[in-house]
Structure formats: structure tokens, C-alpha cells
Amino acid sequence: MQHADIVIIGAGIVGAATAQALQGAVPRANIMLLEKELEPAQHQTGRNSGVIHAGVYYPPGSLKARYCREGLTRTIAFCNEHGIPFDQCGKLLVATNDDEMTRMQDLYIRCQENELDPEMLSKQQLQNMEPNICGKGAFFVRQTGITDYRAITTCLTEQFRTSGGEVCYSRQVIAADEHDNGATLTVKTGQHGTDQVQAKVVVNCAGLQSDLVARRFGVELDYQIIPFKGEYFRLSKKFDGVVQRLIYPIPDPSMPFLGVHLTKMVHGGVTVGPSAVLSLAREGYHKFAFSLSDTVRMACFAGFWKTLWKHKRAGLIEARNALSKISYLSEVQKYCTAVSIDDLLPYPSGIRAQAVSIDGQLIHDFKFIETDRAVHLGNAPSPAATSAFPIADAIVDRVLGKL
């Protein structure tokens, strides 16, 4: 049996930031970071669009709004300090019809409420800024940027290791027993072996698996993680300079996610996406990936059927776009007409871990759950990567109260 003062489960960017922050807060503690994969950042962290969000959409005063603003500043500072590439290129939200022009006004006000300084643009001003993008109007959020979150996570794990922390890969927590003195974790090691780890406090940053990990601690949850696949395309090389900024649509409030957008990538090239189609496997990145256990678990959860019915129109649209490249293309051509179907090239997909309540509501804000000896990050979808540093600080505050 291994012993540690603190164990963090999950080496995505939030888990890595938490490990590094805890190492600084309690430098004499024995802290262990467990990751079931062979490397860090293999799921949500390493499979997103790399956007450093500014906090455009989130309700003022929410954790997302607060953490996103702080996280943007700290993410850029970290990149500067450690030589990690980033580009604070800004983001244009483009309205392509009269309905979107009306909704754009509300979103513009939301930006101001979130202490951003958006700049409203006419059709001509939009054309001057981005000649290859068409729209009736837009507004510009200059704070938004792009980076490489996998590189940030790798840097954080190395910092943690060199300051005395222990990073253990190929270690999957399959059982947990919380008791008065801490928690005992049963950890799968390799193909068939198991080991036990005794910890005073455990932090669950397991992302797509976070609700399953929480249940292994005996936590009763009124929500479940439902996976939504984000499918991207990379534009052909002739479009590498097609935009100088990120191009987003004005979101439809009847749709649960933001819609297909053009993303200038920090290492070059431009992607379009993502879609947001229900996935039948939590880690199913291939087109028709299927997990029997994940599917049965969803089917047995009442909230799944309720949210499916509530968002049936959005679900059908997303399914159509996922199955039809032509439908997907039509979303792109709303504001970039030069793109043709032959310009949509393969690109790795991602999975969004979305918490859904038992009554079928999408849980939008970050969610923390505490027991006597554990802190569970129950919901951390986008902009969790941008917000990783303030999320980590919030976890540290909770952990210090348990030591």
C-alpha cells in the first residue's frame, strides 16, 4: 500500500493546476497525481480548440464569468513565463441575419456586464477587419486568444514533479473507501494488477469520469455526466490565412451550445467546429464509437431522456450536421462562403463532459461537491481550461480545510 497526504485523480489541465497549486500551498505534504492514461491531457484538455475564453456568454457573477476573466489573465501570464505559444488575436461574433442582429445586442450587453470592452462593428467595418467573412454586423472582443493547453498541462505536471510531487500514469481508480482518517483507493495498475493508496484527502478532477469516481466514494448524485462529441474539420492549407481572428456565430438561445465557428490555431491552420452530438461512449472519439456500459448508464438515467426531449430540435440539427458533411458546410458558409466541401479535412474530435440534472437541466456553472475527506469537481465543461488556475485555487481552499 502507498501513502500520501493528498491524492489528485486526473491529469488534465485542472488536475495538473491543482497539483501544482497544492504543492505550493503545502510544500511539505506528500502529494500524488494519478492518471489512468500514459500521458497527461489526453481527453478534454488535449482535444479542444485551444481558445482562451474571455467570458462573453456567462451570467454575471457566476463562477464561469469570474473564473474565466481571472483565468484568461493568468493563462496568458503563465504562457509568457514559460515560453508557451499563445496569440491574443481577439474574437468576432458575427450576425448573418436580422434575428441574429437583435440577439447580438443582448450578447453585447452581456459582455459589458462581464467587464469586457466589446466593440460594435458595422457590416463595412467587419469587412475591413476580416475581408473573407460576410455578415450584417458583428462585435469584437479583443481579450480572447488561443494557446496550446496540452503544452500548459505538460509544463504544470513537470513543475509539480520537480517540486517534489509524484505523478503516476496508468493508474485508474476503480474503488474508494472514505473513512474517518482519509480514504483508501483501489488503483488498477497495468493490465491485471491492482494496488491501494491511502490518502488523507482526495481531489477528483476526473472530467468525463468524474461522476463515476464520485459514486465510488459513495456520494449520492442528482446529476450524471452526459458526453457530447465535438467534431471538427481542418480547412485546407489555402485557407491558413483566411482569418486573423476567431470567428463565432451569434448563438441561438434555443440551442444548448455555441455553434460552428472558425478557429485560428496557435500552431497554424484554421479549424471549423465543433458540432455537439450525443456520444454513445464517454471516450469515443471515432465516428461511430459505442460503449455498452456508457449507453446503458445513460439510458437508465431519467435526466437523460428529459434533456433529450427538451433539446430534441437541437439534437436533430446536430445529428444532421454530424451525418451530413453538406449540412455541416452550410453552417460554415453562413459567414465564410469561399469554403467548399473539399476544403473540410479530417481533424481529431473531442468529447465535452456535460453534467445533466435528474430533471433534465444542463448544469451550466462549475460545480464542487465536498465530503469529509474528498473534493469532487462535478461539472467543469468549457471554459474550464481557461479557468484552470482559479478553479485550482478554489479546490486548494477546500482541501486546506480538511488537512
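Residues numbered from 1 in each chain as written. Predicted model: local features only at pLDDT ≥ 70, side-chain atom pairs only at ≥ 80, totals over all residues. Heavy atoms only, no water.

**Some words on the sheet that holds strand β18 (residues 277-278)**
Then, in step 1: Spatially, β18-β13-β20 is the arrangement adopted by the 3 strands of the open sheet, whose pairing is antiparallel. Taken across any chain shown, the strands that pair with only one partner, and hence form the sheet edges, are β18 and β20 (350-357).
Then, in step 2: Here strand β13 (residues 223-230) pairs with β18 via 2 bridges, running antiparallel. Each bridged residue has a counterpart across the sheet, and for Lys-229 the counterpart in β18 is Val-277.
Then, in step 3: This element, helix α8 (residues 302-310), spans β13, β18 and β20 of the sheet and lies at about 105 degrees to β20. (Pairing = 2+ DSSP bridges. Helix = DSSP H or I, 4+ residues; strand = E, 2+ residues; numbered from the N terminus. Contact = heavy atoms within 4.5 Å. Axes fitted to C-alpha atoms, helices over the stretch in contact; angles between N-to-C directions.)

**Focus on the packing of aromatic side chains**
Then, in step 1: For the structure on display, the rule yields 7 aromatic pairs.
Then, in step 2: Ring geometry for Tyr-57 versus Tyr-58: centroids 6.2 Å apart, planes at 70 degrees, classification edge-to-face. By the burial criterion, Tyr-57 is buried, and Tyr-58 matches it.
Then, in step 3: Relative to Phe-139, the ring of Tyr-108 lies with its centre 5.7 Å away and its plane at 80 degrees, an arrangement referred to as edge-to-face. Of the two residues, Tyr-108 sits in helix α3 (residues 98-113) while Phe-139 sits in strand β7 (residues 137-141), which places them 31 residues apart along the sequence.
Then, in step 4: Residue class for Tyr-108 comes out buried when judged on its relative accessible area of 17%. (Phe/Tyr/Trp six-rings, centres within 6.5 Å; stacked < 30°, edge-to-face > 60°. Buried < 20%, exposed > 50% of the residue type's maximum accessible area, 1.4 Å probe, protein only.)

**Points about helix α10 (residues 325-333)**
Then, in step 1: Every buried residue of α10 is listed here: Ser-327, Tyr-328, Leu-329, Glu-331 and Val-332.
Then, in step 2: Of the surrounding secondary structure, the elements contacted by the buried residues of α10 are β14 (233-235), β16 (261-264), β17 (270-273), α9 (312-323) and β19 (344-346).

**Re the nonpolar core**
Then, in step 1: Residues Ile-8, Val-14, Leu-93, Ile-391 and Ile-395 are the most contacted members of the largest nonpolar core, which totals 68 residues.
Then, in step 2: Beyond its immediate stretch of four places on either side in the chain, Ile-391 contacts Val-14, Tyr-67, Phe-366, Phe-368, Leu-377 and Ala-384.
Then, in step 3: Counting residues in hydrophobic clusters, the runner-up holds 30 residues, among them Val-173, Val-197, Val-213 and Ile-369. (Core = buried A, V, L, I, M, F, W, Y, C linked by side-chain atoms within 4.5 Å.)

**So, the pairing of strand β1 (residues 2-9)**
Then, in step 1: The buried count for β1 comes to 6 of 8 residues, which makes it a mostly enclosed element.
Then, in step 2: Note that β1 and strand β2 (residues 31-34) share 4 bridges and pair parallel. Following the sheet pairing, Val-7 is matched in β2 by Met-32.

**Comments concerning the environment of Gly-83**
Then, in step 1: By the element assignment, Gly-83 lies in the loop between α2 (63-82) and β4 (86-87).
Then, in step 2: Sequence separation of Gly-83 and Ile-247 is 164 residues, and the distance between their C-alpha atoms is 26 Å.

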